[in-house]
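Structural overview for review
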Amino acid sequence: MKRSTPSFFPPARDRVHEVCGAGVYGFAFALLSQCGGRAIWVREAWRNQQINPSGFADYFDPSRLTICNTSDQTETLAVAEEALRSGAVSLVVMVLGKPVGLTEGRRLQLAAKQGKTRGLAVIPEGMGSNAAETRWRCTPVFETSDADKPRRDSTLQCWELIKNKSGTLGVWHVRWDAASRRFNMVSPVGE
């Protein structure tokens, strides 16, 4: 039985959200696909994780994404704030490695509201800002074959809404459908 994408996805426009867990990039790419328009991905230049256009081309057109390398988290937050405020892009993704204070978090929220732009902070597990509208934990779901050997389906994920200022929390198992460029709800893997 196919069910629709969670009612909380995509997260609210004009707000900044957070995502953590091993499936953060799949979540970010899916959000990019749903936002339309152009996007900016802001990260510190010293980080060794890179995103490869051929790896996310099934989600959206790589020519719509601008990658901005910064010297440190302070510069990352400043660039993200300006991009949110400008309204020139539909999504601003920022990769953060340190906690964001309440003042910085509120500045990002105000910039998102002013620019009518959605923001997404990719954060380490256990970290987060009190100013974030929602926080998601995204993890891959491992399936087992008949021979009880673990098998990973890269498109099957568990999205858990662990913070929501607007109400309900929840957990969804989702699978990316490259043809329709959307997620479908699936039943959890049986025990």
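For clarity, every value in this text was computed on a predicted model and none was experimentally measured.

Attention shifts here to the side chain of E44. Within the fold, E44 resides in strand β2 (residues 39-44). Here the side chain of E44 touches W46 through a polar contact of 2.8 Å, side chain to side chain.

Looking now at the state of the cysteines. Applying the stated criterion to the full structure yields 0 disulfides. Here C20 is not cross-linked by a disulfide; its sulfur's nearest cysteine counterpart is in C138, at 7.5 Å. Judged by its relative accessible area of 1%, C20 is buried.

All right, on to the pattern of salt bridges then. Under the counting rule described, the total for this entry stands at 9 salt bridges. Residues D14 and R13 are paired through a salt bridge, measuring 3.9 Å at the closest nitrogen-oxygen approach. According to the relative accessible area criterion, D14 is partly exposed, its value standing at 25%. The network of salt bridges with common partners includes E81, E82, R85 and R107.

Time to look at the packing of aromatic side chains. Enumeration according to the criterion identifies 11 aromatic pairs in this entry. Ring centres of F27 and W136 lie 5.2 Å apart, and the angle between their planes is 40 degrees; this geometry places the pair in the tilted category. With a gap of 109 residues between them, F27 in helix α1 (residues 24-35) and W136 in strand β6 (residues 134-144) connect regions that are remote in the sequence. The residues F27 and W136 share a single accessibility class, namely buried. An aromatic cluster is defined as three or more aromatic residues linked by ring pairs; in this entry it consists of Y25, F29, W41, F56, Y59 and F60.

Moving on, we get to helix α3 (residues 73-86). The terminal C-alpha atoms of α3, which comprises 14 residues, lie 20 Å apart, in line with the 20 Å expected from a rise of 1.5 Å per residue. Inspection of α3 places Q73, T76, L77, A80, E81, A83 and L84 among the buried residues, and these make up the whole buried set. The arc that holds every buried residue of α3, seen down its axis, measures 165 degrees, which confines them to one face. Tucked inside the fold, the buried residues of α3 contact β1 (16-20), β2, β3 (65-70), β4 (91-95), α4 (102-115) and β5 (118-122). Backbone nitrogen of T74 and a side-chain oxygen of the N-cap are separated by 3.3 Å at the start of α3; the cap is D72. Among the residues trailing α3, G87 stands out with phi positive, at a value near 75 degrees.

Where α3 contacts α4, the two axes come as close as 7 Å, and the packing angle between them is 25 degrees. One way to sum up the angle between α3 and α4 is to call them roughly parallel. In this structure, α3 contributes L77, A80, E81, L84 and R85 to the contact, and α4 contributes E104, R107, L108, A111, A112, Q114 and G115.

On to the environment of C20, then. Structurally, C20 can be placed in strand β1. Separated by 105 residues in the primary sequence, C20 and E125 have C-alpha atoms spaced 5.3 Å apart. Look past the residues within four positions of C20 in its chain and what remains in contact with it is I123, P124, E125, W136, R137, C138 and I162.

This part takes up the environment of Q73. Its location among the elements puts Q73 in helix α3. When neighbours within four sequence positions are excluded, Q73 is seen to be in contact with E44, L96, G97, K98, P99 and V100. Of note is the side chain of Q73, whose polar atom sits 2.9 Å from the backbone oxygen of K98.

On to the confidence of the model for the protein. Counting all residues, the mean pLDDT for the protein is 85, and 86% of those residues have values of 70 or more. Throughout residues 1-5 the model reports pLDDT below 50, and contacts reaching past four residues in sequence, or to other chains, amount to 12 contacts.

What counts and how
- As a convention, each chain's residues are numbered from 1 in the sequence order in which they are written.
- Per-residue local features of the predicted model are confined to residues with pLDDT of at least 70, and side-chain atom pairs are confined, for both listing and counting, to 80 or more; whole-chain, interface and lining totals are unaffected and use all residues.
- Only heavy atoms go into the side-chain values, all of them from the structure, while hydrogens and water stay out.
- To qualify as a helix, a DSSP run of H or I must reach at least 4 residues; to qualify as a strand, a run of E must reach at least 2; elements of each kind are numbered from the N terminus.
- Counted as a polar contact is a pair of N or O atoms within 3.5 Å, where, for protein atoms, one must be capable of donating a hydrogen and the other of accepting one, and residues adjacent in sequence contribute only when both atoms are in side chains.
- A pair of sulfur atoms, both from cysteines and within 2.5 Å, is called a disulfide here.
- Think of it in three bands: residues with accessible area under 20% of the maximum for their type are buried, residues over 50% are exposed, and the middle band is partly exposed, with areas taken using a 1.4 Å probe on protein chains only.
- Whenever Lys or Arg places a side-chain nitrogen within 4 Å of a carboxyl oxygen from Asp or Glu, that contact is recorded as a salt bridge.
- Side-chain rings of Phe, Tyr and Trp, where Trp is taken by its six-membered ring, are said to pair if the distance between their centres is within 6.5 Å; with planes under 30 degrees apart they count as stacked, over 60 as edge-to-face, and otherwise as tilted.
- Multiplying 1.5 Å by the helix residue count minus one yields the expected span of that helix.
- Arc definition: directions from the helix axis to the C-beta atoms.
- Every residue pair with non-hydrogen atoms within 4.5 Å of one another is taken to be in contact.
- What counts as an axis is a line fitted to C-alpha atoms, over the stretch in contact for a helix, and the angles between N-to-C directions run from 0 to 180 degrees.
- An angle below 35 degrees is treated as roughly parallel, one above 145 as roughly antiparallel, one from 65 to 115 as roughly perpendicular, and anything else as oblique.
- In predicted models, pLDDT denotes the confidence assigned by the predictor to each residue on a 0 to 100 scale.

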